[in-house]
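Geometric and topological summary
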Amino acid sequence: MSDRVSRRSLIKNSTAVGLGVMASDAFCSAGETPKSLSGPVNQETCLTQAEDFFTVARGNPKPHTLKGEDLIKAGMTPESWRLEISVDPKDDPPVVRQNATAEKQLSKGDDTALDYQSLIKLGNKKSVKLIKAIQCLNIDRPLGQGLWEGVALRDVLKLCGRIKNVRRIFFWGYHNNKPEQRFQSSLSYTQAVDSAFGDPPVFLAYRLNGKPISPLRGGPVRMIVPWAYGFKSIKWLQNIVLSNDPRANDTYSNQNNDPDSPIKTAAYLDKNAAEKFKSKQAGQFSGVVISGLSGVSKIQFLVRKVDNKDIKLPYDHPDIFKGNWQTGRIVQPLADWESILPRDVQPSELIGFDSLLGQPESWPLRYGMANWTADVGKLKPGLYEFRVRSIDRNGFAQPEPRPLQKSGRNAVPIHFFEVV
Ligand SMILES: Nc1nc2c(c(=O)[nH]1)N[C@H]1C(S)=C(S)[C@@H](COP(=O)(O)O)O[C@H]1N2
Ligand SMILES: [Mo]
């Protein structure tokens, strides 16, 4: 036990130090040198501390900046938090002829809205525990990875009794009262309540890395849509609407984004990648790979000598696509799962973990990420280009089969470096 405690504090400290050094690499960065691979760096846990995620938030003021009385008024403390569930009264023939109905609606007006303690009670009966990365569709790197715990949306919707004519469910979080500040996402009924066997369901999260979710990370309650890009995982969740309008009505579609895009399997290069190596030095690059819809088979990297930085051949140019790609290494977390997880969470309870062995069934976990490293070895002096790509379990090389950026930013990273 004491071993476990000291291990735990070691991880905590080393994570803080590691992240402090590279604020821009919030997720278990592998660092630049092979030495860090065995050292006590934050890749021990492969989790990101709540405050070290990159934050993508709208609003004026941004809800997570509220303090004191304002935070309470916003319903953003565990005591003041309420969730309303209502039916959409709008019809719109010919698409919507009948409106959705529910036996019960939950509203603040008649004091039937769900409160935090009742949500926790549901979670104590049956909870979802999932290690998942958050990734923005429009940012070329994941924002962080955490252990999220909460209650499946399908279990929360049961509070409404029998529902009818529901084809879509949309939801939004606290925002100031200007309607244009509402940030809303939506799911089809099936996406909201069903899940492929072995896949995590959509859930209302109330814990991150074993602690209540802070306002910064979208607490006290945040939607987590495991397969989707970040915009579906609505922070400061307070409203759910059952609708018979089957059309996606996500705020994010207004910015030309595909609102139904599952996360694309893709590798990303650390932003602090070295720009210079000595010819006597063995070069290494690192980054993360996220496992999306199609899983990860491996990561590959390509090193090419180039004449200048002005020409970037497209990913599907034969010299690139069929170039001399080598297989990189996907890094396993160094710490054991018992010491990574909060004390009251067993590895075998996590979705994507073998319930007998308590080990991940795949690494990276589905909708999670892992570090990779690429050893480029010793090179002759000159200018080089480095690229990295994932190969998914369907055999597709990134960004195939969906090179369109508005389905997820997954272009193959291109990085120039010099050997002197
Ligand atoms: N209420 C609300 N939820 C939101 C957003 C927002 O602006 N408001 N941004 C979304 C987007 S676009 C992303 S990528 C993720 C980012 O999550 P993070 O800030 O926890 O990293 O939150 C999503 N949830
Ligand atoms: Mo986003």
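This text follows the structure it describes.
An account of the accompanying structure is given in this report. All values reported here derive from a predicted model rather than from experimental measurement.

1. Points about the site of ligand 1
Near ligand 1 lie 18 residues; those nearest to it are F54, R58, R217, R222 and K235. V56 places a polar main-chain atom, nitrogen or oxygen, 3.0 Å from an oxygen atom of ligand 1. Within the side chain of R222, an N or O atom sits 2.8 Å from an oxygen atom of ligand 1. Of the residues belonging to the shell around ligand 1, the class tally is 11 nonpolar, three polar and four charged.

2. Observations regarding the sheet that holds strand 16 (residues 296–305)
What the five strands build is an open sheet, ordered 14-21-20-16-17; its pairing is mixed. Taken across any chain shown, the strands that pair with only one partner, and hence form the sheet edges, are strand 14 (276–277) and strand 17 (326–327). Note that strand 14 and strand 21 (residues 414–419) share two bridges and pair parallel. For F277, the partnering residue across the bridge sits in strand 21 and is V419.

3. So, unusual backbone geometry
Following G219, the chain continues into P220 via a peptide bond in cis, with omega recorded as 10°. For P220, the position within the fold is in the loop between strand 10 (211–212) and strand 11 (222–224). In this model, Q398 is joined to P399 through a cis peptide bond whose omega is 0°. One can find P399 in the loop between strand 20 (382–392) and strand 21. One non-glycine residue with positive phi stands out, namely N209, at about 50°. With phi around 70°, Y367 is a residue other than glycine that occupies positive phi space. Examined against the element boundaries, Y367 turns out to sit in the loop between helix 8 (337–340) and strand 19 (369–377).

4. A word on the pairing of strand 5 (residues 142–152)
Among the 11 residues of strand 5, 11 are classified as buried, and the element is accordingly described as predominantly covered. Where strand 4 (residues 128–135) and strand 5 come together, eight bridges link them in antiparallel fashion. Looking at strand 5, one finds that A133 is bridged to Q145. Counting the residues that bridge the hairpin from strand 4 to strand 5 gives six residues. Across five bridges, the pairing between strand 5 and strand 9 (residues 203–208) is antiparallel. Residue pairing for strand 9: W148 is matched across the bridge by L208.

5. Details of the pattern of salt bridges
Counting across every chain of the model gives 15 salt bridges. Among the charged side chains, a network of salt bridges with common partners joins R168, K232, D250 and D260.

6. A closer look at the environment of V419
Along the chain, the position of V419 falls in strand 21. Separated by 41 residues in the primary sequence, V419 and K378 have C-alpha atoms spaced 8.9 Å apart. Among residues more than four places away in sequence, those in contact with V419 are F277, K278, S279, L379, K380, P381, G382 and Y384.

Criteria and thresholds
- Residues numbered from 1 in each chain as written.
- Chains lettered and ligands numbered in written order.
- Predicted model: local features only at pLDDT ≥ 70, side-chain atom pairs only at ≥ 80, totals over all residues.
- Heavy atoms only, no water.
- Near = heavy atom within 4 Å.
- Polar contact = N/O pair within 3.5 Å; in protein donor to acceptor, adjacent residues only side chain to side chain.
- Nonpolar A, V, L, I, M, F, W, Y, C, P; charged D, E, K, R; others polar.
- Pairing = 2+ DSSP bridges.
- Helix = DSSP H or I, 4+ residues; strand = E, 2+ residues; numbered from the N terminus.
- Buried < 20%, exposed > 50% of the residue type's maximum accessible area, 1.4 Å probe, protein only.
- Salt bridge = Lys/Arg side-chain N within 4 Å of Asp/Glu carboxyl O.
- Contact = heavy atoms within 4.5 Å.

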